[in-house]
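Structural features, examined
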Amino acid sequence: MNSDAQPPSDREEDARRRSGRLGIGIVGAGRVGPVLGAALAGAGHAVVGISAISESSRERAEAMLHGVPILEVPAIIERSELVILAVPAAELPALVAGLASTGAWQPGQLVLHTAAEYGTAVLAPAIAAGVIPLAIHPAVSFTGTTIDIAQLVGAYFAVTAPGPVQPIGQALVVEMGGEPIIIAEENRPAYAEAIATATSFSSAIVDQATTLLASIGIEAPGAVLGPLVRSSVENALRRSR
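Parameters at a glance
Residues numbered from 1 in each chain as written. Predicted model: local features only at pLDDT ≥ 70, side-chain atom pairs only at ≥ 80, totals over all residues. Heavy atoms only, no water. Buried < 20%, exposed > 50% of the residue type's maximum accessible area, 1.4 Å probe, protein only. Helix = DSSP H or I, 4+ residues; strand = E, 2+ residues; numbered from the N terminus. Pairing = 2+ DSSP bridges. Axes fitted to C-alpha atoms, helices over the stretch in contact; angles between N-to-C directions. Core = buried A, V, L, I, M, F, W, Y, C linked by side-chain atoms within 4.5 Å. Parallel < 35°, antiparallel > 145°, perpendicular 65-115°, else oblique. Left-handed = near helix turned anticlockwise from the far one by under 90°. Contact = heavy atoms within 4.5 Å.

1. Considering the pairing of strand β5 (residues 132–138)
Among the seven residues in β5, six count as buried, and that is most of the element. Across four bridges, strand β4 (residues 110–113) lies against β5 in parallel orientation. Its bridge partner being in β5, histidine 113 is matched across the sheet by alanine 135. The pairing of β5 with strand β6 (residues 156–160) spans four bridges and is antiparallel. Looking at the pairing, histidine 137 lines up with alanine 158 of β6.

2. A word on the sheet that holds strand β7 (residues 179–182)
Hydrogen bonds between backbone groups are what pair the strands of a sheet, and the pairing can be parallel or antiparallel. Pairing is mixed in the open sheet, where seven strands are placed in the order β2-β1-β3-β4-β5-β6-β7. Two strands lie at the open edges of the sheet, namely β2 (46–51) and β7, each paired on one side alone. Recorded for the sheet is a direction-independent mean angle of 25 degrees between the axes of neighbouring strands. Sheet analysis places strand β1 (residues 23–27) next to strand β3 (residues 82–85), joined by four bridges and oriented parallel.

3. Focus on helix α2 (residues 33–42)
With eight of 10 residues buried, α2 lies mostly within the body of the structure. If you check which residues of α2 are buried, you get Gly33, Pro34, Val35, Leu36, Gly37, Ala38, Ala39 and Leu40.

4. Observations concerning the nonpolar core
With 35 residues, the main nonpolar core has Ile50, Leu65, Leu82, Ile84, Leu152 and Phe157 as its most contacted residues. Core analysis: the second largest hydrophobic core is formed by 20 residues, Leu85, Leu92, Val96 and Val111 among them.

5. Observations concerning the packing of helix α9 (residues 188–215) against helix α10 (residues 221–239)
In a pair of packed helices, the angle between the axes and the distance between the axes together describe the arrangement. Two elements in contact, α9 and α10, have axes whose closest approach is 9 Å; the angle formed by their N-to-C orientations is 135 degrees. In this view, α9 runs oblique relative to α10, as classed from their interaxial angle. Judged by the twist between their axes, the crossing of α9 over α10 is right-handed. Contacts from Val206, Ala209, Thr210, Leu213 and Ala214 in α9 reach Pro221, Gly222, Val224, Leu225 and Val229 in α10.

Read these as geometric descriptors, not functional statements.
Pasting the structure below:
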């Protein structure tokens, strides 16, 4: 991956705007950012850069977004019409404030974060600089591989944004193949708790059950329990409809 790639020309940027495409920059090459970038690239947008520090994150970025340059965060902000902040929730407030303190944010720029527990208030320092805020969280358990792109299709995405901006967030979700649901700012903590409960409980129960079967000599305990777990979860979900 070329970290010295030149920024797009003014002509290229003008053509992209006329076609309705966005130049997208991604901050964070964990399991989420490259997948969302690949999904939006598949919808016709242009990924102009991604930040990646560790060797594993650089490899992931290369695999998911081949040819997209790895850039420093300020360069990504400078080049992008839509910035996706796909970083751990604990790092998000300091990242947003730090970039604001350096004057990195650009008026009119779309800034989207993917943390479940935050709405748009966490973007306040960027909003003060004139950005358009979006909080979009996909209710998906990510692997950080191309498998996730298929998982996005039909998945629900929590969208929190000021009223006039909600259609933009919803449109981005639809372009990724998902179903947008509007979550009010004050309801994001409850939403995040529900997501964390479902994820951690499911994983813990499966791990415990497969360990018990393995302890009595059953081979491939995951395969044995798979149909039971899937049908049990489906039955529980039906009862909540």
